[in-house]
Amino acid sequence: TEDSFYLYKPYSDYSKNTYTYYFLDRKIYRPGQTVYFKGLMLSKVSTDVEETGGKIIPNSPVIVTFYDVNYQKVSELKLTTNEFGTFSGSFVIPTNLLNGQMHIGDYYGNVYFSVEEYKRPKFEVKFNPLINEYKLNEEISLKGTAKALAGYNIDSADVKYRVVRQAYFPYSWYYRWYTPPTSSMEILNGFTKTDSNGEFEVKFKSIPDLTLDKTTKPAFRYTVYADVTDLNGETRSSSKTITIGYTSLVLNLGLNGEFNKDDKILKYSINSTNLSGEFLKATGNILVYELKEPKIALKKRQWANPDVYVMNKDEFNKNFPKEVYENENDYRTWEKGNIVYEETFDTEKNKNLEIKNLNSFETGIYVGEMTSKDSEGNEIKDIKYFTVFSTTEKTMPYPLVDWFSAVKNTVEPGEKAVYLIGSSENVSVLYEIEFMGKIIDTQILKLNNEQKKIEIPVLEKHRGNLSVKFTFVKDNKSYLFSDSIIVPWTNKEL
């Protein structure tokens, strides 16, 4: 080929490194204050793949240096780690240095902190909670209060405010491929003063972005920023966001991901809120449909959809079998089949529901639709897609060139990690297990329009995680699935 590459490594696979981790009593100081620190020295073994180990280094000398903002040495301490690999000390920050980011450290690690000539605030600014519910194109009145930390009101203070609008789309299922671009816009700014009670008021009209289509049900966040300056020149700021839309209800259906039908019961949660995320009771229906999947496994598209189609679908499929013509491999475009589950809900009474006959479902992809109405009678939906599989069946959930699922990848020594792999094609899969940068097991697995369950025994020596990889090539395309088997250090817990 015209390209070339080198096959040597200019580094060693194995190295032993020392690290120092520093901990401070805080992250910001004044000139003249004392910085108290503690350090922990560890030795770790590194390979070209990962870093493991983490042994403490006791009784080791260490020189800790204090540097100013210009990386000039201010002072240093000669310390020795104790039997637990830790050391501690303190530095006094000189008062004649330039303020800013300083740091302390040694050859193996450091920590940065700020030195600032700051003063404690004397008052704070808060916006009052909104009691009324507002609609678009209504005038909104938002009140705030400036009060001293000592308890008295800050009156006759200057208030500079501005209101910024940002659109977003709470019903993400409506857009299958993208969300329309939006930009923030300042719709109002001005000045006012606090009264004798330290209160001020900001009024503005909740103007929507008329360039956005109403049918997409956009919502708008109106953020009010206020900067309050008292008679002494001290300025404190606060902000408050109010969310208003053409609708007033957001549903959340917790049916997404992959579910094992062998569990028999599928527990899921639901919720309903207003546009600001606060709970709002709702009633309605939940329907689950099976989806009509393609008859053959389609390859993933290698480039974007064409702007102009020069072939019809039949001609394309004849010349390029298994390739995607439009978006027929996108399950969100698949036709809905029969209703397999139906439930009514009332989020005020119950937010946790169950599908009690999951074992009667066929393996495949399903769509759940949660439907209700807001206070204005607008229909509100949430749509979620999920996959049903089985660890006891050999058939694929639906036609796919590559199917991988991590059934159980967090295990303790003595247990087994469980994975499902499958393909609707006839393929040979390279199966590898890696530990501490070395391949400890390699196998070739044969798949012929089937699913296989892979069980990996985990031993005590595997604490610190394993890696598993499945690789194969089909029709000039490579497929790789890799995952980490989490083997936690639970034996180190106190």
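To be clear, the structure that these remarks concern was listed above.
Structural notes, computed from the coordinates. (Residues numbered from 1 in each chain as written. Predicted model: local features only at pLDDT ≥ 70, side-chain atom pairs only at ≥ 80, totals over all residues. Heavy atoms only, no water.)

1. Digging into the overall build of the protein
In step 1: Within the protein, the secondary structure is distributed over one helix and 29 strands.
In step 2: On C-alpha atoms alone, the protein measures out to a radius of gyration of 31 Å, which is more than a quarter above the 23 Å that the 2.2 N^0.38 rule sets for 494 residues.
In step 3: With respect to the principal axes defined by its C-alpha atoms, the protein has extents near 80 × 70 × 55 Å.
In step 4: Burial statistics for the protein: of 494 residues in total, 40% are counted as buried.
In step 5: Within the protein, contacts between residues separated by at least 24 positions form 66% of all contacts whose residues are at least 6 apart in sequence.
In step 6: Here the protein displays about 29200 Å² of accessible surface, and carbon together with sulfur accounts for 48% of that area.
In step 7: Of the charged side chains in the protein, 62 are positive and 67 negative, and the gap between their average positions amounts to 2 Å. (Helix = DSSP H or I, 4+ residues; strand = E, 2+ residues; numbered from the N terminus. Rg over C-alpha atoms; globule rule 2.2 N^0.38 Å. Buried < 20%, exposed > 50% of the residue type's maximum accessible area, 1.4 Å probe, protein only. Contact = heavy atoms within 4.5 Å. Areas by Shrake-Rupley, 256 points an atom, 1.4 Å probe, with all protein chains shown as cover. Lys, Arg positive; Asp, Glu negative; His and termini not counted. Charge placed at Lys NZ, Arg CZ, Asp CG, Glu CD.)

2. Here we look at the nonpolar core
In step 1: Grouped together as the largest cluster of nonpolar side chains are 27 residues, with contacts concentrated most on L255, Y268, I270, I286 and F361.
In step 2: Listing elements by their share of this core, those giving two or more residues are strand 17 (250-253), strand 19 (266-273), strand 20 (283-291), strand 21 (336-346), strand 22 (352-355), strand 23 (364-373) and strand 24 (379-389).
In step 3: Not counting residues within four places of it along the chain, the set of residues in contact with I286 comprises L253, Y268, I270, Y341, E342, E343, F345, L353, E369 and M370.
In step 4: The next biggest cluster of nonpolar side chains, apart from the first, holds 26 residues, and it includes L142, V159, V163 and I242. (Core = buried A, V, L, I, M, F, W, Y, C linked by side-chain atoms within 4.5 Å.)

3. Considerations on the environment of G198
In step 1: Looking at where G198 falls in the secondary structure, it is placed in the loop between strand 13 (185-193) and strand 14 (199-205).
In step 2: Among the residues examined, G198 registers a relative accessible area of 0% and is labelled buried.
In step 3: Along the primary structure G198 and K336 are separated by 138 residues, whereas in three dimensions their C-alpha atoms are 60 Å apart.
In step 4: In this view, G198 contacts G144, T145, A146, N153 and I154; residues no more than four positions away in its chain are not counted.

4. Describing the sheet that holds strand 21
In step 1: Taken together, the five strands give an open sheet; going across it, the order is 18-24-23-20-21, and neighbouring strands pair in mixed fashion. With one partner strand each, in any of the chains shown, strand 18 (257-260) and strand 21 form the two edges of the open sheet. Here the strands of the sheet are splayed against their neighbours by 30° on average, with no regard to which way each runs.
In step 2: Pairing analysis gives seven bridges linking strand 20 to strand 23, with the strands arranged antiparallel. (Pairing = 2+ DSSP bridges. Axes fitted to C-alpha atoms, helices over the stretch in contact; angles between N-to-C directions.)

5. Overview of unusual backbone geometry
In step 1: The phi angle at Y71 is positive, at roughly 60°, despite the residue not being glycine.
In step 2: By the element assignment, Y71 lies in the loop between strand 5 (61-67) and strand 6 (73-80).
In step 3: Positive phi, close to 90°, is recorded for N465, a residue that is not glycine.
In step 4: Among the secondary structure elements, N465 is positioned in the loop between strand 27 (438-457) and strand 28 (466-474).

6. Side note on the sheet that holds strand 19
In step 1: Pairing is antiparallel across the open sheet formed by three strands, whose spatial order is 17-19-22. Of all the strands in the sheet, the pair left with one neighbour each is strand 17 and strand 22. Strand-to-strand twist in this sheet, taken as the mean axis angle between neighbours without regard to direction, amounts to 25°.
In step 2: Relative to strand 19, strand 17 runs antiparallel, the two sharing four bridges. What sits directly across from L253, in strand 19, is I270.

7. Comments concerning the environment of N305
In step 1: By secondary structure assignment, the location of N305 is in the loop between strand 20 and helix 1 (313-319).
In step 2: In sequence terms N305 and V324 are 19 residues apart; their C-alpha atoms lie 9.3 Å from each other.
In step 3: Within the structure, the side chain of N305 is placed 3.0 Å from the side chain of R301, a separation counted as a polar contact.
In step 4: A distance of 3.4 Å separates a polar atom in the side chain of N305 from the backbone oxygen of E326. (Polar contact = N/O pair within 3.5 Å; in protein donor to acceptor, adjacent residues only side chain to side chain.)

8. So, the side chain of S423
In step 1: Along the chain, S423 turns up in strand 26 (residues 416-435).
In step 2: A relative accessible area of 0% places S423 in the buried class.
In step 3: Within the structure, the side chain of S423 is placed 3.1 Å from the backbone nitrogen of E425, a separation counted as a polar contact.
In step 4: When residues no more than four places from it in sequence are discounted, the contact partners of S423 are M396, L400, V401, L447, N448, N449 and E450.

9. Some remarks on the packing of aromatic side chains
In step 1: Applying the stated criterion across every chain, the model contains 29 aromatic pairs.
In step 2: Measuring from ring centre to ring centre gives 6.5 Å for Y331 and W334, while their planes differ by 80°; the resulting arrangement is edge-to-face.
In step 3: Assessed through its relative accessible area of 33%, Y331 is described here as partly exposed.
In step 4: In this structure W334 comes out as buried when scored by relative accessible area, which is 12%. (Phe/Tyr/Trp six-rings, centres within 6.5 Å; stacked < 30°, edge-to-face > 60°.)

10. Things to note about the pattern of salt bridges
In step 1: As enumerated under the stated definition, the model contains 24 salt bridges in all.
In step 2: Between E186 and R162 there is a salt bridge, with the nearest N and O atoms lying 3.6 Å from each other. Highlighted residues: E186 in strand 13 and R162 in strand 12 (residues 158-168), separated in sequence by 24 residues.
In step 3: Between E323 and K299 there is a salt bridge, with the nearest N and O atoms lying 2.9 Å from each other. Note that E323 is positioned in the loop between helix 1 and strand 21 and K299 in the loop between strand 20 and helix 1, a separation of 24 residues in sequence.
In step 4: Owing to a relative accessible area of 24%, E323 belongs among the partly exposed residues under this scheme.
In step 5: Under the relative-accessibility criterion, K299 is labelled buried at 12%.
In step 6: Shared partners join several salt bridges into a network, and the residues in it are K322, E425 and D475. (Salt bridge = Lys/Arg side-chain N within 4 Å of Asp/Glu carboxyl O.)

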